[in-house]
Amino acid sequence: MNNQKNILVTGGAGFIGSHLVERLLAEKIWRVSVVDDFNDFYAPELKRANVQSHLTDENYQLFEANISDAKFLREIFEETEFDVIVHLAARAGVRPSLLQPKLYAETNVNGTLNLLELARDFNVKQFIFGSSSSVYGNNKKIPFSEDDKIFQPISPYAATKAAGELLCHTYSHLYDIRTLCLRFFTVYGARQRPDLAIHKFSQLISEDKPIQVFGDGTTRRDYTFVDDIIQGVRAAIDYDNSMHEVINLGESQTVELRQLVALLEENLGKKAVIDHQPMQPGDVPQTFADITKARELLNYNPQTKIDEGIKKFVEWFRGQRAAAEGSKQ
Ligand SMILES: NC(=O)c1ccc[n+]([C@@H]2O[C@H](COP(=O)([O-])OP(=O)(O)OC[C@H]3O[C@@H](n4cnc5c(N)ncnc54)[C@H](O)[C@@H]3O)[C@@H](O)[C@H]2O)c1
């Protein structure tokens, strides 16, 4: 097809990235390049499985590379004229960032800067940045809105995401690159990162092992189903009404941790063994997205309420567990 466009998805082997790639390949109008270093933050085999079905698509190419390697990235840009960059590669996770702050800064700040530099040098006009609700820190104002101040992050991870947003604004202002910073609120669904609560708890509950609940179970998260996030990211790829925006992508429905555990128990058909632990440094008590702006600018309309989303997640979880059991026999 001649009128195809070129898009670079960093982190395209990860949870959210692989869903986006799937969507883009299905549209047939994109030639999709992915940069991912398959690092061992969680099992790289899971990331290999995520890209398995993409590898045979003629509109897909995979570069196994680190976004810190500016020289290698430049070679990719010399080969392909990208219309859009969706930058999702990052060290994710709040608690591990307290242990490896330099690694988080190197990947999430310098890596982002490398990509913005290349966007400038190679005249890429649209840059989407995967930011996070964690930038809101201990924000007391509910729901969180894009105009709230974000200068008090409470984890290195959150600080690196806020820095990435600032760099996006700078490059938009200086070099006329449209930059859209999408603040994702706890994303879940098939292929969710195994370190995140819904996936981790499902695994442990299934194995009759205790789950660690930090705090008294009343912490709240705005859990967002991955299909809804992809709807928002996809709309951001086409957005052309202004040069820089920060936009929340959440479900705008906040759920207590103990309610989440109850839903998992119900769907898994098993009781959780709960190991109560104190609140962890870096963890925020609640997240809750005001999605008015996303609705207005991106026509964003999230569809999946938590009951339905957890049901779908558990279906996927059971399926891949059964497949893993089967392959052992
Ligand atoms: N999942 C969530 O709830 C959530 C919430 C807020 C923000 N985000 C952001 O969304 C993005 C995607 O998150 P995810 O949950 O899919 O995580 P993920 O870890 O599954 O995906 C990230 C991918 O980036 C790759 N990567 C990491 N460092 C890299 C590097 N230096 N060079 C090249 N590739 C590298 C990883 O190998 C991985 O495949 C991240 O930027 C994350 O910070 C996620």
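These lines cover the structure that appears in this document, whether it is placed above or below. (Residues numbered from 1 in each chain as written. Predicted model: local features only at pLDDT ≥ 70, side-chain atom pairs only at ≥ 80, totals over all residues. Heavy atoms only, no water.)

Once that is clear, we can look at the overall build of the chain. In terms of regular secondary structure, the chain is built from 11 helices and 13 strands. Its C-alpha atoms give the chain a radius of gyration of 19 Å, within 12% of the compact-globule value 20 Å for 329 residues. With respect to the three principal axes, the spread of C-alpha positions in the chain is 55 × 50 × 35 Å. Within the span of the chain, comprising 329 residues, buried residues form 53% of the whole. In the chain, once contacts between residues fewer than 6 apart in sequence are set aside, the share between residues at least 24 apart is 84%. Counting only carbon and sulfur atoms, one obtains 50% of the accessible surface of the chain, whose full area is about 14,900 Å². Averaging the positions of the 37 positive and the 45 negative side-chain charges in the chain gives two centres separated by 3 Å. (Helix = DSSP H or I, 4+ residues; strand = E, 2+ residues; numbered from the N terminus. Rg over C-alpha atoms; globule rule 2.2 N^0.38 Å. Buried < 20%, exposed > 50% of the residue type's maximum accessible area, 1.4 Å probe, protein only. Contact = heavy atoms within 4.5 Å. Areas by Shrake-Rupley, 256 points an atom, 1.4 Å probe, with all protein chains shown as cover. Lys, Arg positive; Asp, Glu negative; His and termini not counted. Charge placed at Lys NZ, Arg CZ, Asp CG, Glu CD.)

Here seven strands make up an open sheet; going across it, the order is β3-β2-β1-β4-β5-β6-β11 and the pairing parallel. Whereas interior strands pair on both sides, the edge strands pair on one side only; in this sheet they are β3 (60-64) and β11 (244-249). With direction set aside, neighbouring strand axes in the sheet form an average angle of 15 degrees. Bridge count between strand β4 (residues 84-87) and strand β5 (residues 126-132): four bridges; the pairing is parallel. Residue pairing for β5: Val 86 is matched across the bridge by Ile 128. Seen against the sheet, helix α5 (residues 101-121) touches β1 (5-10), β4, β5 and β6 (178-184) and runs at an angle of roughly 175 degrees to β4. (Pairing = 2+ DSSP bridges. Axes fitted to C-alpha atoms, helices over the stretch in contact; angles between N-to-C directions.)

Attention now moves to the site of the ligand. The local shell around the ligand holds 29 residues, among which Asp 36, Tyr 42, Asn 66, Tyr 157 and Val 187 are the closest. In this structure, an oxygen atom belonging to the ligand sits 2.8 Å away from a main-chain N or O atom of Ile 16. One of the backbone N or O atoms of Leu 88 is found 2.9 Å from an oxygen atom in the ligand. Here the ligand has 810 Å² of accessible area as a free molecule, and 97% of this is covered by the chains. Mapped by element, the contributors of at least two residues to the shell around the ligand are α1 (15-27), β5 and α6 (156-175). For the shell around the ligand, the element with the most residues is β5, which contributes three residues. Taken together, the residues of the shell around the ligand sort by class into 15 nonpolar, nine polar and five charged. (Near = heavy atom within 4 Å. Polar contact = N/O pair within 3.5 Å; in protein donor to acceptor, adjacent residues only side chain to side chain. Nonpolar A, V, L, I, M, F, W, Y, C, P; charged D, E, K, R; others polar.)

Purely spatial values, then, with no claim about function.
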